[in-house]
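Breakdown of the fold
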There are 2 protein chains.
Amino acid sequence: MNIILAEATEVVDRQLTLTDHRAEHIVKVLRAAIGDRLRVGVINGLRGYGSISALQKKYPFSVSLALELSEPPAELPPLDLILALPRPIMLKRVLSQVTALGVGTIHLINAKRVEKSFWEAGLLQPQEYRLHLQHGLEQAVDTRLPEVRLHPKFKPFIEDFCPSLVGDYRYLLLADPAGEHRLVDAVADKSGRILLAVGPEGGWVEYEVQKFREQGFLCCSIGERILKVDTAIIALHASITALRECGNRGNHR
Amino acid sequence: MNIILAEATEVVDRQLTLTDHRAEHIVKVLRAAIGDRLRVGVINGLRGYGSISALQKKYPFSVSLALELSEPPAELPPLDLILALPRPIMLKRVLSQVTALGVGTIHLINAKRVEKSFWEAGLLQPQEYRLHLQHGLEQAVDTRLPEVRLHPKFKPFIEDFCPSLVGDYRYLLLADPAGEHRLVDAVADKSGRILLAVGPEGGWVEYEVQKFREQGFLCCSIGERILKVDTAIIALHASITALRECGNRGNHR
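Note that this is a predicted model, so its numbers are computed, not measured.

Residues and elements named next belong to chain A. The buried fraction of strand β10 (residues 171–175) is high, at five of five residues. Both faces of β10 are covered, namely the face carrying Tyr 171, Leu 173 and Ala 175 and the face carrying Leu 172 and Leu 174. Note that β10 and strand β12 (residues 194–198) share four bridges and pair parallel. Looking across to β12, one finds that Leu 174 is bridged to Ala 197. The pairing of β10 with strand β13 (residues 218–221) spans three bridges and is parallel. Bridge assignment links Leu 173 to a residue of β13, and that residue is Leu 218.

See below:
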């Protein structure tokens, strides 16, 4: 935890009192003492610092913090994600990793090669997946929770929902190792929002690619090497971020 | 497995007979039949195809393949890695992920914030870590195994070994969220090899940063957000690859 996150309802008169795993973390991992200042933030709210005003170092752990919160959350990340629902164990890691990298909205969708059972995972309950989003925020010192939306049927997603969505984006990218565009050619500069679609293990089927194309998505590749979905998502996110920065620098050279 | 990998010693008269987990994978996951052609490669050798000439579909599984191997391995990746030894469970994933992305040599080194117990992990035995490198090759359809070198003491590594190493590289990069260079400014174009150093969870200590600086490393950041080591390595690898491609395109614009 690089920042202690709290719900807005937990803050009373600029005071925050913790008695759960966060208190334990402050005592046992951070080994903090009265008077220490820690990074604190309110989920979907301000960031700042908390000074420890009281501390119970033995079980049951308890920590009280006097808060000074004045920094706004990090800016809305320019990238939103459409992701063919991965296996739950991979989804946990992906949710916290993309949240750490920065993402606005994550659309989890169905695809031919998504196993049906994945849609029954307990992880798809908001109180479950939110934990993994929070881990990503705690890692990256951010307070802005990504929005997660579930689309368990492909056709209604692509035919009915997508047309109302795509207008918000300057770049519509479909990741596909066989894609005819190189990512470097598809992402030219720093302005405008990006919607990136990443397929399941085994890839999109041709019908799905065709449907995305009809919505205006460009099929992009970052190289010949076939990557697992969890590796590919991070690599694509980082590549897009780097290419936008590079394109922008080019304008000033 | 996107390619079936074999040791050179397993190939006899252009025939390969498998009776282990690879045979089981071909039968149960690929559901292959006699006459099917599969991607096959020899570790550190040629890639090509194997046609199934015999198949035992029930336990004990057995598959015989007639090989046509003529493609050279993928080119030596332009990036080598210095990595502060991560926790074994993370190292497993990192080894297969960076192998899938492409890496020449991986130097695993000690650092102040590396837990001593990590050096006792069974995973550091060659026959153990090689499995995870192979998973990366099987994923990325490559046959070139990265080299792994262990350096359990920091000072001899940086003072005695590093000076003989750095001459091979055009770019010496130390990843550090507080680094004074943006990666986009440090990696200008596509030529020359890169040596990238990534620290432990919690980061390098100032002494270590200083020692790397003395060897000519530039301290580079890919942004404000603090990432876990496994996320950071993939993001850095992908960013460097994208920036080199971008720089190279820029020359032709």
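Next comes the rest of the account.
All names here are of chain B. Relative orientation of the contacting elements helix α2 (residues 88–101) and helix α3 (residues 126–140) amounts to 35 degrees, with a least axis distance of 7 Å. Two packed elements cross with a definite hand, and for α2 against α3 that hand is right-handed. Contacts between α2 and α3 involve Lys 92, Leu 95, Ser 96, Gln 97, Thr 99 and Ala 100 from the first element and Tyr 129, His 132, Leu 133, His 135, Gly 136, Leu 137, Gln 139 and Ala 140 from the second. Residue composition of the contact of α2 with α3, grouped by class: six nonpolar, seven polar and one charged.

Residue and element names in this part refer to chain A. In this structure, Pro 60 follows Tyr 59 across a cis peptide bond, with omega equal to 0 degrees. Secondary-structure assignment places Pro 60 in the loop between β5 (47–56) and β6 (62–71). Located in the positive-phi region is Asp 13, a residue other than glycine, with phi close to 55 degrees. Relative to the helices and strands, Asp 13 is located in the loop between β2 (11–12) and β3 (15–18). At Val 141, a position not held by glycine, the phi torsion is positive, near 60 degrees. Mapped onto the secondary structure, Val 141 falls in the loop between α3 (126–140) and β9 (147–151).

As a further point, take the domain arrangement of chain A. All names here are of chain A. You can read the domains of chain A as domain 1 (4–71) and domain 2 (79–252). Just the C-alpha atoms count here: the centres of domain 1 and domain 2 sit 34 Å apart. At the interface, eight residues of domain 1 touch seven residues of domain 2. With three residues, strand β4 (residues 37–42) is the largest single contributor of residues to the side of domain 1 that touches domain 2. Of the residues that constitute the side of domain 1 that touches domain 2, the class distribution is three nonpolar, three polar and two charged.

Now for the nonpolar core. One finds Leu 196 and Val 198 of chain A together with Leu 196 and Val 198 of chain B to be the most contacted residues of the largest nonpolar core, which totals 143 residues. Sequence-distant contacts of Val 198 of chain B, that is, excluding residues within four places in its chain, are made with Leu 81, Leu 83, Ala 84, Ala 175, Val 229, Ala 232, Ile 233 and Leu 236 of chain B.

The next subject is the sheet that holds β4 of chain A. Strand pairing within a sheet occurs via backbone hydrogen bonds; the two strands may be parallel or antiparallel. Residue and element names in this part refer to chain A. Strand order across the open sheet formed by six strands is β1-β4-β5-β6-β3-β2, with mixed pairing between neighbours. Of all the strands in the sheet, just β1 (4–6) and β2 have a single pairing partner and so form its edges. Pairing of β5 with β6, which is carried by nine bridges, proceeds in the antiparallel orientation. Looking at the pairing, Gly 50 lines up with Leu 67 of β6. Lying on the sheet, helix α1 (residues 21–29) is in contact with β1, β3, β4 and β6; it crosses β6 at an angle near 95 degrees.

We now examine the interface of chain B and chain A. Contact with chain B, which involves 25 residues of that partner, is made by 25 residues of chain A. Taken together, the elements giving at least two residues each to the side of chain B that touches chain A come down to α2, α3, α5 (183–186) and α7 (229–252) of chain B. When residues of the side of chain B that touches chain A are assigned to their parent elements, the largest contribution, eleven residues, is made by α7 of chain B. In terms of residue class, the side of chain B that touches chain A is made up of 14 nonpolar, seven polar and four charged.

Two faces, one strand: in a regular strand the side chains alternate between the faces of the sheet. In this structure, strand β11 (residues 181–182) of chain A lies alongside β13 of chain A, joined through two bridges in parallel fashion. Its bridge partner lying in β13 of chain A, Arg 182 of chain A is registered against Ser 221 of chain A.

Placing chain B over chain A gives an RMSD of 0.0 Å and needs a rotation angle of 180 degrees, together with 0.0 Å of translation along the axis. Expressed as an axis order, the relation between the two copies is that of a two-fold axis. By C-alpha distance to the rotation axis, the residue of chain B lying nearest is Ser 239 of chain B, at 2.5 Å. Taken together, the interface assignments show that 100% of the residues at the interface of chain B recur at the interface of chain A, consistent with an identical surface on both copies.

Criteria and cut-off values
Each chain carries its own residue numbering, running from 1 in the written order of its sequence. For naming, the first written chain is A and the first written ligand is 1, with later ones following in the order written. With the structure being a predicted model, the display of local features is reserved for residues of pLDDT at least 70 and the display and counting of side-chain atom pairs for 80 or more, all residues being used for whole-chain, interface and lining totals. Counts of 20 or more other C-beta atoms within 10 Å of a residue's own C-beta define buried residues, counts of 12 or fewer define exposed ones, and intermediate counts define partly exposed ones; C-beta atoms are placed from the backbone. Put simply, DSSP marks the helices as runs of H or I at least four residues long and the strands as runs of E at least two long, and each gets a number from the N terminus on. One requirement defines pairing of two strands: DSSP has to find at least two bridges between them. A fitted line through C-alpha atoms represents every axis, and for helices the fit uses only the stretch in contact; the resulting angles, taken between N-to-C directions, go from 0 to 180 degrees. Rotating anticlockwise by less than a right angle from the far helix to the near helix defines a left-handed crossing, while the corresponding clockwise rotation defines a right-handed one. Here, residues touch in the contact sense if the C-beta positions derived from the backbone fall within 7 Å of one another. Residues are grouped as follows: Ala, Val, Leu, Ile, Met, Phe, Trp, Tyr, Cys and Pro are nonpolar; Asp, Glu, Lys and Arg are charged; every other residue, Gly included, is polar. What counts as a domain boundary in this text is fixed by an automatic or database domain assignment. Working definition: the nonpolar core is a set of buried Ala, Val, Leu, Ile, Met, Phe, Trp, Tyr and Cys residues, joined through C-beta atoms within 7 Å. For the least-squares superposition of copies, only C-alpha atoms count, and only for residues with pLDDT at least 70 in both.

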